[in-house]
Amino acid sequence: MTLTTLFEGFAQIGRITNMTLSRILRSHLAILMVAALSLPVIAIAHDGHKKDMSDAEMAQMEIHGDADMRESPSVVPSSLGQAEPTALTEAKPMTAEQALEAKRAKNRITSTGDLLGRLHPIAAHFPIALLLMAAIAEILLFIRPALGLETTVRFLVSGGAIGAAAAAFFGWFAAGWRLEDRSETLALHRWNGTAITAVAIVAAWFAFRPGSRKALRFAIGILAVALVIQGYHGGEMVFGPNHLGLE
Ligand code: HEM
């Protein structure tokens, strides 16, 4: 797979599906906006993962409030002005505006590693979307070879592999650089994500190799299943255990 062939693939796709691409860009813009809006929630989960907390300790933190914020005053709506402290904190009340400012200050970036870790949720959407679309395109190609989707698959798998590498790179900063985790969910997510990146890079190489598509199809199938599991565990870490309400 040479760089020229890769760029030719990109250019060809761009020519064929100009309108589709602008639609894809619009939908990714929406994803980026949703990710940016969910940053405060992520910042709390992020602390627990970096500190190597277990799943149970993180659930406790979510229910009783962030450990670092526990000593801080409780929140009351600004319309009510100063109110009675809640039983939870037994501290001075805080107006909604003060709470907002306190949260902003708490969310401030502390180091380059911290910033890189916070980029993980934004990057994570790309391998999920691109590699699952590659699986759909490959199924369509299997059913109807005349569709000629080989270039599309190449584009999606190579983009997905680049996205997976970026997501994994940022993920290691989000999770902390260690080989064992006290959180089972994080351990599964860390190693599944790292393996996804390795398999996606191999799949991209398969996609550019002429000849049989068997190995590529097998790799894409594995990636599709692993990515659904990966996304589910990512959601568990950010939104809490049983976040889809299936249990
Ligand atoms: C292909 C690779 C990966 C994908 C697709 C992926 C996907 C996700 C998703 C979807 C979330 C939830 C984000 C949200 O809803 O806002 C998430 C969160 C998270 N992921 Fe990954 N991930 C990948 C690799 C990794 C790796 C390799 C690590 C660790 C070494 C990691 C660590 C984390 C952590 C710690 C969180 C929780 C958010 C946080 O604490 O910042 N991820 N991931």
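Remember, predicted model here, so these are calculated numbers, not experimental data.

1. Some details on the UniProt feature "transmembrane region" (unreviewed entry) in the protein chain
UniProt records the feature "transmembrane region" (unreviewed entry) for residues 29-46, 122-143, 155-175, 187-208 and 215-233 in the present numbering. Secondary structure across residues 215-233 divides into 100% helix and 0% strand, with the first and last C-alpha atoms of the span separated by 27 Å.

2. Quick word on the environment of histidine 233
Position of histidine 233 relative to the elements: it lies in helix 10 (residues 214-239). Residues histidine 233 and glutamate 184, 49 residues apart in the sequence, show an inter-C-alpha distance of 10.0 Å. Non-local contacts of histidine 233, meaning those with residues more than four positions away in its chain, are made with Thr185, Leu188 and His189.

3. Some words on the nonpolar core
Within the largest apolar cluster, 35 residues are counted, with the highest numbers of intra-cluster contacts made by Leu131, Ala134, Val157, Ala200, Ala203 and Leu223. Broken down by secondary-structure element, the contributors of at least two residues to this core are helix 7 (120-143), helix 8 (150-175), helix 9 (184-208) and helix 10. By residue number, the principal contributor to this core is helix 8, which donates twelve residues. In contact with leucine 223, other than residues within four places in its own chain, are Leu131, Ile196, Val199, Ala200 and Ala203.

4. Some words on the site of the ligand
In the vicinity of the ligand, 31 residues are found, and the nearest of them are Pro121, Ala124, Gly171, Gly193 and Gly234. Taken together, the elements giving at least two residues each to the shell around the ligand come down to helix 3 (39-50), helix 7, helix 8, helix 9 and helix 10. When grouped by side-chain class, the residues that make up the shell around the ligand number 16 nonpolar, 14 polar and one charged.

5. Section: the packing of helix 7 against helix 10
Interaxial distance between helix 7 and helix 10 falls to 9 Å at its minimum, and their mutual angle equals 145°. At the point where helix 7 passes helix 10, the crossing takes the left-handed sense. Between helix 7 and helix 10, the contacting residues are Ala124, Pro127, Ile128, Leu131, Leu132, Ala134, Ala135 and Glu138 on the first element and Arg217, Ile220, Leu223, Ala224, Leu227, Gly231 and Gly234 on the second. The class makeup of the residues in the contact of helix 7 with helix 10 is eleven nonpolar, two polar and two charged.

6. Points about unusual backbone geometry
Even without glycine at this site, aspartate 52 takes up a positive phi of about 55°. Summarising the element assignment, aspartate 52 is placed in the loop between helix 3 and helix 4 (55-64). Positive phi is not limited to glycine here, since asparagine 242 has a value of about 60°. The topology assignment puts asparagine 242 in the segment after helix 10.

Rules used throughout
- Each chain has its residues counted from 1, following the order in which its sequence is written.
- Residues qualify for local features only when their pLDDT is at least 70, as the model is predicted, and side-chain atom pairs are given and counted only at 80 or more; totals for whole chains, interfaces and linings, by contrast, use all residues.
- UniProt positions are given in the numbering used here, feature names are shortened, and annotations may be inferred rather than shown by experiment.
- Numbered from the N terminus, helices here are DSSP runs of H or I no shorter than four residues, and strands are runs of E no shorter than two.
- For every residue pair, C-beta atoms are placed from the backbone, and the pair is scored as a contact if these atoms sit within 7 Å.
- Under the definition applied here, buried Ala, Val, Leu, Ile, Met, Phe, Trp, Tyr and Cys residues are grouped into a nonpolar core through C-beta atoms within 7 Å.
- Once C-beta atoms are placed from the backbone, each residue is buried if 20 or more other C-beta atoms lie within 10 Å of its own, exposed if 12 or fewer, and partly exposed for counts between those two.
- What makes a residue near a molecule or strand is its C-beta atom, placed from the backbone, lying within 6 Å of it.
- In this classification, the charged set is Asp, Glu, Lys and Arg, the nonpolar set is Ala, Val, Leu, Ile, Met, Phe, Trp, Tyr, Cys and Pro, and all remaining amino acids, among them Gly, are polar.
- The angle between two axes is taken between their N-to-C directions and runs from 0 to 180 degrees, where each axis is a line fitted to C-alpha atoms and a helix contributes only its stretch in contact.
- By the definition used in this description, the sense in which the near helix is turned from the far one sets the handedness, with an anticlockwise turn below a right angle giving left-handed and a clockwise turn giving right-handed.

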